[in-house]
Amino acid sequence: MLDTATLRPDFPILTRREHGHRLVYLDNAATTQKPRQVLDAIIHYYSTHNANVHRGAYGLAVEATEAYETARQTVARFLNAWAPEGVVFTRGTTESINLVAASWGRTHVKAGDTVVVTAMDHHSNIVPWQILCQEKGATLRMVEITADGRVDLSDYGRALEAKPKIVAFPYVSNSLGTVNPAAQLAKLAHAAGAVVVVDGAQSTPHLRVDVQALDCDFYALSGHKMLAPMGSGALVAKPALLEAMPPYHGGGEMIERVWDDHSTWNKIPHKFEGGTPNVEAAVGLAAAIAYLEELGMDRVAAHEQALARVTIERLTRIEGVTVYGPREHRAGVVPFTYGDIHPHDLATILDRDGVCIRAGHHCTQPLMRRLGVPATARASFYIYNDVDDIDALVTALRKAGELFGVPA
Amino acid sequence: MNDLSDLYQQVILDHNRNPRNFRAVPGANRSAEGYNPLCGDRISLQVRVDDDVVADVGFQGSGCAISKAAASLMTGAVQGKTTAEAETLFRAFREMLAGGPVAPGKLAAFSGVRAFPARVKCANLSWHTLSAALANRAEPVTTESPSD
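Cut-off values and rules
Residues numbered from 1 in each chain as written. Chains lettered and ligands numbered in written order. Predicted model: local features only at pLDDT ≥ 70, side-chain atom pairs only at ≥ 80, totals over all residues. Helix = DSSP H or I, 4+ residues; strand = E, 2+ residues; numbered from the N terminus. Rg over C-alpha atoms; globule rule 2.2 N^0.38 Å. Buried ≥ 20, exposed ≤ 12 C-beta atoms within 10 Å, placed from the backbone. Contact = placed C-beta atoms within 7 Å. Pairing = 2+ DSSP bridges. Axes fitted to C-alpha atoms, helices over the stretch in contact; angles between N-to-C directions. Expected span 1.5 Å × (residues − 1). Left-handed = near helix turned anticlockwise from the far one by under 90°. Nonpolar A, V, L, I, M, F, W, Y, C, P; charged D, E, K, R; others polar. Arc of directions from axis to C-beta. Domains from an automatic or database assignment.

Below, the discussion takes up the overall build of chain B. Within chain B, the regular secondary structure consists of 5 helices and 4 strands. Mapped in sequence order, the helices and strands of chain B form the string α-α-β-β-β-α-α-α-β. On C-alpha atoms alone, chain B measures out to a radius of gyration of 14 Å, which is about the 15 Å that the 2.2 N^0.38 rule sets for 148 residues. In terms of principal-axis extent, the alpha carbons of chain B reach across some 45 × 30 × 30 Å. Counting all 148 residues of chain B, 46% fall into the buried class. Summarising the internal contacts of chain B: among those between residues at least 6 apart in sequence, 64% fall at separations of at least 24.

Below, the structure written as C-alpha cells:
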C-alpha cells in the first residue's frame, strides 16, 4: 500500500470539511483531486514562462514552446508512445475519440462498413461512432458482455467476422472496473483488418500502460482523471496513421501555408492542434505524470486494487448489497446497489457524512440496460484513499440502510 | 438540525415504499412521459380528465425516493381538482422548492428538499409531467428544459 499519510498533505482540497466531516472523496473515476505539485507547476508556468507557443521570435515564447513540447515528450515516455509527434494534445478522451472518428473515420468508413464497440463502453466511445455510422450508412455493432461484466470473447469473435474498419473498446471500464485483455483484443481486431481505438481514460491513471506493447493504433486519455487539470488530455497514435489523416480543426498553428482558396498542413502533431493550445493543461499533465512516476505506476495499481478488494469484502458482508463487475482483473472501481434504495438517495445520504460517491448510469446507458438496473452507486479510488475511507463509506451506508429500513 | 430526516420525512419514505396510484388509468385521455437524463429517472403519467376535472391519475416508472414519493403524493393532491387548480398546486409546489412558502397539505413534506438543490429536479419531475399531460404536449418532458 502507498503511504497515504505522506501523500494526503499534497492535496489541499482534502483538508476541507463536508457537513462537519472529513472529506472522503470516492469519485475518482469521475475526476481526481490535484496535488500541490501540479497546481504549483501551472502557477510557475504563468508566473515565469507564459507566451503563445510556436510563433514568437523572443525568448519568452521559446520557453513557453519548450515547456509545451517537453510535456509532449513526458506523455510519450510515460506511455511508451511510438514517437513524441504521435502525441496530439486534446481536451481529453472525448475529444481524442471524436478526432479519430471525424478524421480517420470519415476518410475510411464507407456505406455498408462496420464499426465495433462494446456494451461496456462509455458514451464517449459510443456516440462519436454512432454519428460517424449514421453519416456514412455504416453499421455500429455492439459486443455483448458476460454476466460478470467482461467482454464476451465469443461475441467479439462473431463481431470481427464482419471485417470491421474500426474496433473500439475501453482498456478499463469506468462503470464496472473491468480490466480488459486489451492486447489480446487488439491482436484479434488487427487480424480481422481493423484499426484499434483504445479508450484509456480509466487505464492511464491506474495502470502501467505501454501502447506499443498493447499494439493499438489510437489511444485516448484524460489528464483530469490522473491528477492533472480539467481540459488536459491526449490522443496517442501511430505516426504513420496521423500523417495520412486529414486535419480535425482548421485554424492557426495547424497550417503550413494559407492561400486564398486552399491551405497546406503543418507537420504532425501540430496538424491536429488548430488554435492556441492549452499549454497550462500540458504543463499540468507533465507535472501529474512526474508525481505518479515518483510513486511508481505498479504501486499505484496495487494500492487501488487492494482498496477495491477490501471494499468488496466489506460491502458484500452488508445484507442487501450487490456488487457488480468481475471478481478478478478489476481496477479500483466498485459499483454496487443496496436493497431497493435508489443510488441517488444513497449519494445524498452519504454526502452528509462527507462521503462523495457517484450515483447514476455513469455515462454507460447501454451497459445499465444489460445489468437490468436503472442506476448504480459507485465508489472509485485513487492514491490518497485508504482503509479509513472505506470505514467511512461502510458506516454511512449502514445509516442509509437504517433510514430506509433496508433490508426490509 | 438533522436535515436528512427533513428530506426523508416518514411520509416520503412511506410513499416511496408504497406508492399510491402506481398504475395505468382506465379510459385515460391525457398522458405524458417525464425523464431526468442526469439520473435516469423516468415517469409515465396517465390522466383521465372529465369536464376539466382530474377524475383519475396514475403513474408508472422508476426513480429515487424523492421522485417516486413526489409523484405518489401529487396524484393524491390533484385528484378531483380542476386543471386550473392542479396548475395552481404545481406553482405552489415549485415556489416552495425555490425557497417560497410551504405548499398546502401533504405536499409540505417536500419542504426539506430546499436544502438539497441537487434533488429539486427529482421532486419536480412528476409535476412537470402532469403539466405537460394536462396541456396535451406531445414532447417528453425532461428536467433539462430551461425552466427548472
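Residue and element names in this part refer to chain B. Pairing in this open sheet of 4 strands is mixed, and the strands run 3-2-1-4 from one edge to the other. Every other strand in the sheet has two partners, leaving strand 3 (53-62) and strand 4 (141-142) as the edge strands with one partner each. Pairing geometry for strand 2 (residues 42-50) and strand 3, over 9 bridges, is antiparallel. Note that in strand 3 the partner of valine 49 across the bridge is valine 54. Sitting on the sheet, helix 3 (residues 65-78) is in contact with strand 2 and strand 3, with an inclination near 175° to strand 3. Packing against the sheet, helix 5 (residues 120-134) makes contact with strand 1 (30-35), strand 2, strand 3 and strand 4, and its axis sits at approximately 145° to strand 1.

Before going further, it helps to spend a moment on helix 4 (residues 93-108) of chain A. Compared with the 22 Å implied by 1.5 Å per residue over 16 residues, the 21 Å span of helix 4 of chain A between its first and last C-alpha is a close match. Within helix 4 of chain A, 12 of the 16 residues are buried, which leaves it mostly tucked inside the rest of the structure.

Right, let's get into the sheet that holds strand 16 (residues 358-360) of chain A. For sheets, the rule is that strands pair by backbone hydrogen bonds, running either parallel or antiparallel. Residues and elements named next belong to chain A. The antiparallel open sheet is built from 4 strands, whose spatial order is 13-14-17-16. Across the chains shown, the open sheet's two edge strands, defined by having one partner strand only, are strand 13 (321-323) and strand 16. Neighbouring strand axes in the sheet, compared pairwise and without regard to direction, differ in orientation by 30° on average. With 3 bridges connecting them, strand 13 and strand 14 (residues 333-338) associate as antiparallel partners. Each bridged residue has a counterpart across the sheet, and for valine 321 the counterpart in strand 14 is tyrosine 338.

Here we take up the pairing of strand 2 of chain B. Residue and element names in this part refer to chain B. Where strand 1 and strand 2 come together, 6 bridges link them in antiparallel fashion. In the strand pairing of strand 2, alanine 32 is matched with leucine 45. What sits between the antiparallel neighbours strand 1 and strand 2 is a turn of 6 residues, in which glycine 40 has the positive phi angle 90°. Remark: 2 residues form the turn of the hairpin made by strand 2 and strand 3, two consecutive strands paired antiparallel; aspartate 51 in that turn has positive phi of roughly 50°.

A few words now on the packing of helix 2 (residues 36-49) of chain A against helix 10 (residues 279-295) of chain A. Residue and element names in this part refer to chain A. For the pair helix 2 and helix 10, the least separation of the axes is 8 Å and the interaxial angle reads 145°. When you trace helix 2 past helix 10, the crossing you get is right-handed. Counting all contacts with helix 2, which are made through Gln37, Val38, Ala41, Ile42, Tyr45 and Tyr46, the residues of helix 10 involved are Val279, Glu280, Val283, Gly284, Ala287, Ala288 and Tyr291. Across the contact of helix 2 with helix 10, the residue classes break down as 10 nonpolar, 2 polar and 1 charged.

All names here are of chain B. Between its first and last C-alpha atoms helix 4 (residues 83-97) spans 21 Å; for 15 residues at 1.5 Å apiece the expected length is 21 Å, and the two agree. Along helix 4, the positions that sit buried rather than exposed are Ala86, Leu89, Phe90, Phe93, Met96 and Leu97. Down the axis, helix 4 shows its buried residues gathered within 125° of arc, on one side only. Against strand 3, helix 3 and helix 5 lie the buried residues of helix 4. Positive phi appears at glycine 99, one or two residues downstream of helix 4, with a value of about 105°.

Here the focus is the domain arrangement of chain A. All names here are of chain A. With domains assigned, chain A is organised as domain 1 (4-30 + 297-404) and domain 2 (38-293). Contact with domain 1, which involves 23 residues of that partner, is made by 23 residues of domain 2. Mapped by element, the contributors of at least two residues to the side of domain 1 that touches domain 2 are helix 11 (297-316), strand 14 and helix 13 (365-371). Counting residues per element, the side of domain 1 that touches domain 2 draws most heavily on helix 11, at 6 residues. When its residues are assigned to classes, the side of domain 1 that touches domain 2 shows 14 nonpolar, 5 polar and 4 charged.

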